[in-house]
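Residues per chain, in single letters:
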Amino acid sequence: MEGVLFCWANQSLPPVRRITVPPGGSSGQHRSAASMSGAAARALPKAVTFVTGNAKKLEEVRAILGSSIPFQSLKLDLPELQGEPEDISKEKARMAASQVNGPVLVEDTCLCFNALKGLPGLNNLLLAYEDKSAFAMCIFSLALGPGEEPMTFVGKTAGKIVPARGPADFGWDPVFQPDGFDQTYAEMPKSVKNQISHRGKALALVKEHFAAANYKVQNDGSA
Ligand SMILES: O=c1nc[nH]c2c1ncn2[C@H]1C[C@H](O)[C@@H](COP(=O)(O)OP(=O)(O)OP(=O)(O)O)O1
Ligand SMILES: [Mg+2]
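Read on for a plain summary of the structure. (Residues numbered from 1 in each chain as written. Chains lettered and ligands numbered in written order. Predicted model: local features only at pLDDT ≥ 70, side-chain atom pairs only at ≥ 80, totals over all residues. Heavy atoms only, no water.)

Regarding its fold elements, the protein chain presents six helices and ten strands. Here the protein chain holds 223 residues, and the buried ones make up 50% of them. For the protein chain, the share of sequence-separated contacts (at least 6 apart) that also reach a separation of at least 24 residues comes to 62%. Put simply, the protein chain shows about 10200 Å² of open surface, and 51% of that area lies on carbon and sulfur atoms. (Helix = DSSP H or I, 4+ residues; strand = E, 2+ residues; numbered from the N terminus. Buried < 20%, exposed > 50% of the residue type's maximum accessible area, 1.4 Å probe, protein only. Contact = heavy atoms within 4.5 Å. Areas by Shrake-Rupley, 256 points an atom, 1.4 Å probe, with all protein chains shown as cover.)

Given below as structure tokens:
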């Protein structure tokens, strides 16, 4: 899964764009755990704000994180940026941190096709291409405040593109069938999706980071 791939980034954009996949295994990787371990607990002025315009994402993040990380959420329509997924995610975090004026968590998600040349859409892909393998990738970025360099946490789940099955209330869930399962993301119970999903894997790394970093929230009562 190295080099250039193609990616369904957002329904409001042309559906296919070229990307370079950031390093990390199928379960993803982030770059800050080693440097954090042993560091003194850092004080945060307030709880982390998870910023997204997507209610379905927020629902999953809530379900996956539970009470493991104190966070609040804010619905902001961040601009749809173009570029490499990791850069997009980090840039979202920078914009969110300056708007919130505090620590933020954001994410950028894409569905990436292993074999595809600039095609107008998914249906053509299904008909025209032998290789239906794909992976879902989620890149969370954590910025501790405005002007701070975001840390990234990557989760990937491999699968294949299939004709749509299941409820169509969340993006490409009906057409993505993860490897090892006979249901699409849309068909499986939410709890199963969250255990194996790109988002679940990335958030496991976010949780590890919070456990290691041991941030001290100074004012977690305020919004
Ligand atoms: O688990 C998922 N299962 C199916 N579809 C998904 C998933 N996660 C994101 N998606 C869709 C939503 C959007 O069409 C695109 C990502 O774009 P992306 O910019 O990351 O999300 P967004 O604009 O909806 O929300 P945000 O305000 O967090 O940027 O893939
Ligand atoms: Mg977006």
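Next comes the rest of the write-up.
The environment of ligand 1 is made up of 19 residues, and the closest members are T52, G53, K57, K92 and D173. In this structure, K57 approaches ligand 1 through a side-chain N or O atom, which is 2.7 Å from an oxygen atom. Side-chain polar atom of W172 to an oxygen atom of ligand 1: 3.3 Å apart, as the coordinates give it. In the complex, the protein chains occlude 94% of the 600 Å² of accessible area that ligand 1 would expose alone. Elements that contribute at least two residues to the shell around ligand 1 include exactly β6 (104-113) and α6 (198-213). In terms of residue class, the shell around ligand 1 is made up of three nonpolar, eight polar and eight charged. (Near = heavy atom within 4 Å. Polar contact = N/O pair within 3.5 Å; in protein donor to acceptor, adjacent residues only side chain to side chain. Nonpolar A, V, L, I, M, F, W, Y, C, P; charged D, E, K, R; others polar.)

This brings us to the pattern of salt bridges. By the definition in use, this model includes 14 salt bridges. For D169, the salt bridge goes to K56, with nearest N and O atoms at 3.3 Å. Of this pair, D169 sits in the loop between β8 (151-161) and β9 (176-178) while K56 sits in helix α2 (residues 55-65), and the two are 113 residues apart along the sequence. You can call D169 exposed: its relative accessible area is 51%. Between K92 and D108 there is a salt bridge whose closest N-O contact spans 3.2 Å. Note that K92 is positioned in helix α3 (residues 85-100) and D108 in strand β6, a separation of 16 residues in sequence. (Salt bridge = Lys/Arg side-chain N within 4 Å of Asp/Glu carboxyl O.)

We now examine the environment of S68. Position of S68 relative to the elements: it lies in the loop between α2 and β5 (71-75). By relative accessible area, S68 is classed as partly exposed at 41%. In this structure, the C-alpha to C-alpha distance between S68 and S197, residues 129 residues apart in sequence, is 18 Å. Within the structure, S68 has its side chain in polar contact with the backbone oxygen of L65 (distance 2.6 Å).

This paragraph deals with the pairing of strand β7 (residues 133-143). Looking along a regular strand, one sees the side chains alternate between the two faces of the sheet. Burial analysis of β7 places ten of its eleven residues in the buried class, the great majority of the element. Pairing analysis gives ten bridges linking β7 to β8, with the strands arranged antiparallel. Within β8, the residue paired with C138 across the bridge is G155. (Pairing = 2+ DSSP bridges.)

What follows covers the pairing of β5. In this sheet, β5 lies alongside strand β4 (residues 48-52) in parallel orientation, the contact comprising five bridges. Following the sheet pairing, T49 is matched in β5 by Q72. The parallel pair β4 and β5 is bridged by α2, and the resulting crossover is right-handed. (Right-handed = clockwise from strand over helix to strand, strands pointing away.)

What follows is about unusual backbone geometry. A positive phi angle, close to 55 degrees, is found at N101, a residue other than glycine. Relative to the assigned elements, N101 resides in the loop between α3 and β6. Using a relative accessible area of 55% as the deciding quantity, one classes N101 as exposed. A positive phi is found at N214, a non-glycine position, where the angle reads about 55 degrees. On the secondary structure map, N214 appears in the loop between α6 and β10 (216-217).

Relative to the assigned elements, L111 resides in strand β6. Judged by its relative accessible area of 0%, L111 falls in the buried class. Separated by 81 residues in the primary sequence, L111 and V192 place their C-alpha atoms 19 Å from one another.

Take α6 next. For α6, spanning 16 residues, the distance from its first C-alpha to its last is 23 Å, which sits close to the expected 22 Å at 1.5 Å a residue. Residues H198, R199, G200, A202, L203, L205, V206, H209, F210 and A213 constitute the buried set of α6. Once α6 finishes, N214 follows within two positions and takes phi at roughly 55 degrees, a positive value. (Expected span 1.5 Å × (residues − 1).)

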